[in-house]
Each structure stands twice: as C-alpha cells, then as structure tokens.
Amino acid sequence: MREPLLIVIAAPSGGGKSTVLKRVFAEVPGLLFSISHTTRPPRPGEENGREYFFVDRERFRALVAQSAFLEWAEVHGNLYGTTRGELDRARALSRDLVLDIDVQGAEQVVKSHPSALTIFLRPPSLEVLKARLKGRGTDSEESLAVRIRNAEIELGRAGEFQHQVVNDDLDTAVNEVKAIIAAEHAKKAV
Ligand code: ADP
Ligand code: 5GP
C-alpha cells in the first residue's frame, strides 16, 4: 500500500475550485475527492455523501470530540471538516486524495502532513470573483457579502501555498493544476 499524495486545493469561495476540479478529475486518473463533513445546508443538486456529508452541529461537535477530524474550521459561519477516514479510504484504494478546503484547514493539514501538495486557486481579480459568485446564483445577498469579505482575507494568505494558479481562462488553469500534480508524481518516482 503506497502512502497517498495529499493534494490540498484552496481558493476563495467562487474562485472556481468546483469547476476546475471537475475537469481535473475527469482528466487525471487515480484521484479521490475527499468528502468533507459540513453543517451547511445542501444546495439544490447536492447529495449527502457525494459533495459533502451534511450533519448538524451536534453531530459535528461529537466528531470533533472523538478526534475524528484531520482538520476542521468554521468557514462563512458553518463548520467544515475532513475526517481521518478519508485518508484511510485513499490509502485502501491507493489513490491520491484531493482536499477542497479553506486556508485555515490547509494550514492544519500542512502541520500534520508536511509533504502535502498545496495549491491556491485565485480569481483574476476581486471584481471578477464578485461577478462569478453572483452569476452562480447559489448564495443569498448576506452569504455573498460574507464570502466576499472572507475572500479578501484568504487572498492575503495565498503566499502560504506552494503553488498559485490564476483561474482566468479555464483550460489554462486546469492544465496548470494537472502539470503541478504530474511534477509532484515525477518527484516522488525518483
Ligand atoms: P468554488 O467551487 O471555488 O466556490 P465555482 O467552481 O462554483 O467556485 O465557480 C464559481 C462560478 O464561477 C461558477 O458559476 C463557475 O461556472 C464560474 N467559473 C469558474 N471558473 C471560471 C472561469 N475560468 N471562467 C469563467 N467562469 C468561471
Ligand atoms: P462551500 O460552502 O462553497 O461548499 O464551501 C465553502 C468553503 O469551505 C470553501 O472554501 C471550501 O473549500 C471550504 N471547505 C469545504 N470543505 C472543507 C473542509 O473539510 N475543511 C475546511 N477547512 N474547509 C472546507
């Protein structure tokens, strides 16, 4: 059983993680999406156990008390966390685990797993980010305001990541993420 590569991808909300990752998953074999737990209510089209495990705060707190999380954080007013079970699942399947998490979670993962590969996906500008978030149409005005305020903080922490990819042209961003993963594999193979 080989130790899976931990690939941490962070971006401000609306930065394009879901869009870029969907393409990366379709084009790179051997990746496993880490399914987080969250107290956020599901969006239309989201399924429990596919995008997230949707739980209430009581259940989330119980998991924290059991040390079930590799990392967890409060993001935009909801709790989100990656269980250690996701890493076990990747090990068992010999796949590389992709964590779509926020900057606070990324910091925790790097502390416990210094060999993690960290990528920050940035929008071309804050204006483009606002327009994309609005265009996605999944968030209330209140939720949008929180996400934009947090985006400014998260963008300020992009330098903590090993790689930064600008998500302007989608194809270019996808190719850059793929190249970063391929380079990491090549490094491990030496
Ligand atoms: P995240 O998962 O990081 O919150 P999404 O993938 O949902 O972000 O992207 C936010 C919105 O921006 C979506 O409506 C998506 O279609 C759009 N989007 C993402 N990447 C691009 C891109 N490169 N060019 C144009 N629109 C994009
Ligand atoms: P969304 O509600 O848009 O799905 O996600 C909001 C934010 O929470 C995103 O930045 C996403 O990366 C982050 N997130 C999702 N899952 C986790 C997790 O398990 N841990 C942490 N720390 N952040 C997460």
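Attention in this report is confined to the structure presented alongside it. Throughout this document, residue positions are counted from 1 along each chain, in the order its sequence is written. Labels follow written order: the first chain is A, the first ligand is 1, and so on. Where totals are concerned, whole chains, interfaces and linings use all residues; where local detail is concerned, this predicted model gives features only for residues with pLDDT of at least 70, and gives and counts side-chain atom pairs only at 80 or more. Think of the side-chain values as coming from all heavy atoms in the structure, minus any hydrogens and water.

**Section: the site of ligand 1**
Now for step 1: Nearness here has a simple test: a residue counts as near a molecule or strand if at least one of its heavy atoms is within 4 Å of that partner. Around ligand 1, 13 residues are found, and the nearest of them are Lys 17, Ser 18, Thr 19, Arg 136 and Asn 167.
Now for step 2: Any N or O atom pair separated by 3.5 Å or less is treated as a polar contact, with the protein-specific requirement of one donor-capable and one acceptor-capable atom, and with residues adjacent in sequence counted only for side-chain atom pairs. Gly 14 has a polar backbone atom sitting 2.8 Å from an oxygen atom of ligand 1.
Now for step 3: One of the backbone N or O atoms of Lys 17 is found 2.8 Å from an oxygen atom in ligand 1.
Now for step 4: Contact with the protein chains hides 75% of the accessible area of ligand 1, taken as 560 Å² for the molecule alone.
Now for step 5: Each helix is a run of DSSP H or I of at least 4 residues and each strand a run of E of at least 2, with the numbering of both proceeding from the N terminus. Put simply, the parts of the chain that give the shell around ligand 1 at least two residues each are helix H1 (17–27) and helix H5 (126–136).
Now for step 6: Top contributing element to the shell around ligand 1 by residue count: H1, with 3 residues.
Now for step 7: Amino acids outside the nonpolar list (Ala, Val, Leu, Ile, Met, Phe, Trp, Tyr, Cys, Pro) and the charged list (Asp, Glu, Lys, Arg) are all regarded as polar, and Gly is one of them. Partitioning the shell around ligand 1 into residue classes produces 2 nonpolar, 7 polar and 4 charged. Here the accessible surface of atoms and residues is derived via Shrake-Rupley with a 1.4 Å probe, and residues count as covered only by protein chains that are part of the display.

**What to know about helix H7 (residues 170–189)**
Now for step 1: Look at H7: 29 Å from first C-alpha to last across 20 residues, which is about the 28 Å you get at 1.5 Å a residue.
Now for step 2: Buried residues of H7: Ala 173, Val 174, Val 177, Ile 180, Ile 181 and Glu 184, and no others. One face of H7 carries all of its buried residues, which in axial projection span an arc of 125°.
Now for step 3: In this structure, the buried residues of H7 make contact with strand E1 (6–10), H1, strand E8 (117–122) and strand E9 (163–166). The span one expects for a helix is its residue count, reduced by one, times 1.5 Å. Using a 1.4 Å probe on the protein chains alone, a residue whose accessible area is under 20% of its type maximum counts as buried, one over 50% counts as exposed, and one in between counts as partly exposed. By construction, the arc corresponds to the directions joining the helix axis to the C-beta atoms. Any pair of residues with heavy atoms lying within 4.5 Å of one another is described as a contacting pair.

**Description of the sheet that holds strand E3 (residues 36–38)**
Now for step 1: The sheet built from 4 strands is open, its strands ordered E4-E3-E6-E5 with mixed pairing. Of all strands in the sheet, those bounded by a partner on one side alone are strand E4 (52–54) and strand E5 (69–75). Taken pair by pair, the neighbouring strands of this sheet meet at an average axis angle of 25°, ignoring direction.
Now for step 2: Strands are treated as partners if at least two bridges between them are detected by DSSP. Sheet topology note: the E3/E4 ladder contains 3 bridges and is parallel. Looking at E4, one finds that His 37 is bridged to Phe 53.
Now for step 3: In the packing of helix H2 (residues 57–65) onto the sheet, contacts are made with E3, E5 and strand E6 (78–83), and the angle to E5 comes to roughly 140°. Here, axes are lines fitted to C-alpha atoms. For helices the fit covers the stretch in contact, and angles between N-to-C directions go from 0 to 180 degrees.

**Side note on the side chain of Arg 40**
Now for step 1: Inspection of the secondary structure puts Arg 40 in the loop between E3 and E4.
Now for step 2: Every residue in contact with Arg 40, bar those within four places of it in the chain, is listed here: Glu 46, Tyr 52, Phe 54, Asn 78, Tyr 80 and Arg 147.

**Some details on the pairing of strand E7 (residues 96–100)**
Now for step 1: Of all the 5 residues making up E7, 5 are buried; the element is thus mostly covered by neighbouring parts of the structure.
Now for step 2: Covered by surrounding structure in E7 are Asp 96, Val 98 and Asp 100 together with Leu 97 and Leu 99, the residues of both alternating faces.
Now for step 3: Examined bridge by bridge, strand E2 (residues 31–33) and E7 share 3 bridges and lie parallel to one another. Looking at E7, one finds that Leu 32 is bridged to Leu 97.

**Quick look at the pattern of salt bridges**
Now for step 1: Salt bridges are identified by distance alone: a Lys or Arg side-chain nitrogen within 4 Å of an Asp or Glu carboxyl oxygen. Overall, the coordinates contain 17 salt bridges when judged by the stated rule.
Now for step 2: A salt bridge links Glu 46 to Arg 40; the nearest nitrogen and oxygen atoms lie 3.0 Å apart. We note that Glu 46, like Arg 40, is buried.
Now for step 3: Where Glu 107 meets Lys 111, a salt bridge forms, and the shortest distance between an N and an O atom there is 3.9 Å. Of this pair, Glu 107 and Lys 111 are both found in helix H4 (residues 103–112), 4 residues apart, which corresponds to roughly one turn of the helix.
Now for step 4: With a relative accessible area of 37%, Glu 107 lands in the partly exposed category.

**A short note on the sheet that holds E8**
Now for step 1: As summarised here, the arrangement of the 5 strands in space is E2-E7-E1-E8-E9, forming an open sheet in which the pairing is parallel. Across the chains shown, the open sheet's two edge strands, defined by having one partner strand only, are E2 and E9. Pairs of neighbouring strands in the sheet enclose a mean axial angle of 25°, with direction left out of account.
Now for step 2: Taken together, the 4 bridges between E1 and E7 define a ladder with parallel strand orientation.

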